[in-house]
Amino acid sequence: MKKLSFFTVCIICFSGCNNEITDSTGNGENVADRQTLELRMPDATEVALYSAATESECIISHVWVLEFNSAGTTLLNSQLIDSSRIVNNGQALQLLPQLSFRPQSGNRIVCVANSDITQYPHPQASSMTVSNINACFPLKLNKYYRGGARLPMYGDMSWPSSYTCEMKRAVAKIQVRMGAGVSDATGNFTAENVRFTVCNAAGEGYVQPADSVQGIASPAKGAATDTFNLLQKTNVTERELALYLHEYPSATKTVTGGAVSDSVFHTDRQHVILKKNNDAGSPTFYRLDFYNSTTKKFMDTKRNHHYLFTIQKIHSEGYPSALMAGNNPGSNIEYSVRIDDDLSCIVSNGQYALVMSADTGYVPAGVAVTDYTVVTARYQLPPEMNKLGDSTENNVSVTNGTMTLVSPASAQLSDTNREIKINTSDSFTQGIITFKLGNITRHFHVKAK
């Protein structure tokens, strides 16, 4: 997440408590010598092209601020802050929020946002430690979250290393879209009449990233027809465009916890079902899997990752029921899966992939920079393909903004990481670097910060 763009959610905390969700403190004292605490979360400004969050994905309904001793074994202070005390909630603004208790140097600060626990004091306050956070803040109420829901988030820091707690969403974001120039043999496979849902999703999950790539197995085979969301459409709410799941090791486990090879199809593995409504006749259904066509392996569903399925070609009608589609490997349809995460951003066309170390780059504001590395990039090929040759179909170029591409000198990508270096002037604010790899085109934003 550190490689994503950020904004600051601002919190002003005062003393006092009552029986409802409110601004609360464990010691009930006003502290004259206050400290600041910033919650840093993904930027909500690049929704159209990147994995960064939308504004509603950053809104907090309430947040627990917990101070533990340095070992994380004793809870010293806690506050439950509701939305009325969260200034500019979800907006890309910076203020200096204040805590109503003063954390001691070396202590550990944990922030849990949008949890299911809204009672203050916390019912498990006397026994709470960092290691049992998942038990104290369980995520059990939803099979998945719909767009517009207040997403659970978690942050952990040592005070006062930066006065900044970087938050991670405790769920994965799933979207499906139509590719540009999609080939459709059915004639009516459009964003207006196709919906999607996720089947065999874990019914429970964890809030703490220390337990990453896990999930609590909960049988959820199949899907009700009323759970289908839209792919894309004009004049729709964000709620209709995305689903958010608990993370789960879906590459090697079925939803019931059974072991499965990460390279073998299994009906009980987590998957996406598309429902196409025909103008005349019954709807038909298609299955999409969390499958990397470059590595030829199925993928885990990880928290704070964005999985974007892109439909490229529809060969014929799908299955007559969601159950039949789910029981068979995806057929009659071609698609790709793009994964944006905190380590790399992968765009694949089913043959080869562009892998980058970030989805947005930054340079210092107000100063000129020279030979400044904003990202690393390489291409990834399946075993049966040779190296891509140097050509105009494999290049890096500056297409917008007052900056100059310095490296790679040949402006070509390779199958090993290359540092993308630029020069900018002191007046630089933002620009775009374009990566072209075969029929993959990726616009990389660079900003002064």
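Moving on to the overall build of the protein. Each helix and strand counted, the protein has two helices and 28 strands in total. Burial statistics for the protein: of 449 residues in total, 51% are counted as buried. Of all intrachain contacts in the protein linking residues separated by at least 6 positions in sequence, the fraction that spans at least 24 positions is 70%.

Looking at the secondary structure, you find N292 in strand β16 (residues 291-292). Classification of N292 as buried rests on a relative accessible area of 12%. Not counting residues up to four positions away in its chain, the partners in contact with N292 are K297 and M299.

The next point concerns the nonpolar core. Counting 26 residues, the largest nonpolar core has I174, V272, L274, F309 and I311 as the members making the most contacts within it. The set of elements that each furnish at least two residues to this core consists of β10 (171-184), β11 (194-199), β13 (243-246), β14 (271-276), β15 (284-289), β18 (306-314) and β19 (333-340). Counting 23 residues, the second largest nonpolar core, distinct from the first, contains W64, L66, F68 and A170.

Let's shift gears to the pairing of strand β6 (residues 108-113). Across the six residues that make up β6, a large majority, five, are buried. Here strand β3 (residues 62-68) runs beside β6; their pairing, made up of six bridges, is antiparallel. Each bridged residue has a counterpart across the sheet, and for V63 the counterpart in β6 is A113. Inspection of the sheet shows β6 paired to strand β8 (residues 153-158) by six bridges, in the antiparallel sense. Residue pairing for β8: R108 is matched across the bridge by S158.

A separate point is the environment of V194. Among the structural elements, V194 can be located in strand β11. A residue is classified by how much of its surface remains accessible, and V194, at 0% relative accessible area, is buried. Considering only alpha carbons, one finds V194 and L274, 80 residues apart in sequence, at a separation of 6.7 Å.

By the secondary structure assignment, T424 is in strand β26 (residues 418-424). Between the alpha carbons of T424 and V369 there is a distance of 5.4 Å; along the sequence they are 55 residues apart. Discounting chain neighbours no more than four positions away, the residues touching T424 are V363, V367, A368, V369, T402 and M403.

This part covers the packing of aromatic side chains. Aromatic ring pairs are defined here through the distance separating the ring centres and the angle between the ring planes. For the structure shown, the criterion picks out eight aromatic pairs. Relative to F444, the ring of F435 has its centre 6.2 Å away and its plane inclined at 90°; by these criteria the two rings are edge-to-face. Look at F444 and you get buried, because its relative accessible area is 0%. Grouped by ring-pair contacts, the aromatic residues F290, Y307, F309 and Y335 constitute a single cluster. Taking NZ or CZ as reference, R269 lies 3.9 Å from the ring centre of F298, over its face.

With three bridges joining them, β8 and strand β9 (residues 164-169) adopt antiparallel strand pairing. Looking at the pairing, Y154 lines up with K168 of β9.

With that out of the way, let us pick up the pattern of salt bridges. Side-chain pairing between opposite charges can occur once the charged atoms of the two side chains come close. Under the definition given, this model contains six salt bridges. Linking D262 and K297 is a salt bridge whose minimum nitrogen-to-oxygen distance equals 3.5 Å. You can see D262 sitting in the loop between β13 and β14 and its partner K297 sitting in strand β17 (residues 297-298), a full 35 residues away along the chain. Given the relative accessible area of 24%, D262 is considered partly exposed.

Turning to unusual backbone geometry, a few remarks are in order. Across the chain, the bulk of peptide bonds are trans and the bulk of non-glycine residues have phi less than zero. P121 follows Y120 through a cis peptide bond whose omega is -5°. Residue position: P121 is located in the loop between β6 and α1 (133-136). Across the junction of S407 and P408, the peptide omega takes the value 5°, indicating a cis bond. The backbone of N114 shows a phi angle near 60°, a positive value even though the residue is not glycine.

Moving on, we get to the confidence of the model for the protein. Mean pLDDT over the protein works out to 75, with 71% of the residues at or above the 70 mark. Across the protein, β3 holds the top mean pLDDT of 93, while strand β1 (residues 6-11) sits lowest at 35. Throughout residues 1-20 the model reports pLDDT below 50, and contacts reaching past four residues in sequence, or to other chains, amount to 92 contacts. When the criterion is pLDDT under 50, residues 25-34 qualifies, and its contacts beyond four places in sequence or with other chains add up to 23 contacts.

Glancing now at the environment of K253. With respect to the secondary-structure elements, K253 resides in the loop between β13 and β14. Placed 13 residues apart in sequence, K253 and H266 show a C-alpha to C-alpha distance of 9.5 Å. Other than its neighbours up to four places away in sequence, K253 contacts Y248, G258 and V260.

Within the element layout of this structure, T129 appears in the loop between β6 and α1. Reaching out from T129, the side chain makes a polar contact with the side chain of S131 at a distance of 3.0 Å. Those residues within four positions of T129 in sequence are excluded, and the remaining contacts are F68, G72 and T73.

Cut-offs used in this document
Residues numbered from 1 in each chain as written. Predicted model: local features only at pLDDT ≥ 70, side-chain atom pairs only at ≥ 80, totals over all residues. Heavy atoms only, no water. Helix = DSSP H or I, 4+ residues; strand = E, 2+ residues; numbered from the N terminus. Buried < 20%, exposed > 50% of the residue type's maximum accessible area, 1.4 Å probe, protein only. Contact = heavy atoms within 4.5 Å. Core = buried A, V, L, I, M, F, W, Y, C linked by side-chain atoms within 4.5 Å. Pairing = 2+ DSSP bridges. Phe/Tyr/Trp six-rings, centres within 6.5 Å; stacked < 30°, edge-to-face > 60°. Lys NZ or Arg CZ within 6 Å of the ring centre and 35° of its normal. Salt bridge = Lys/Arg side-chain N within 4 Å of Asp/Glu carboxyl O. pLDDT = per-residue confidence, 0-100. Polar contact = N/O pair within 3.5 Å; in protein donor to acceptor, adjacent residues only side chain to side chain.

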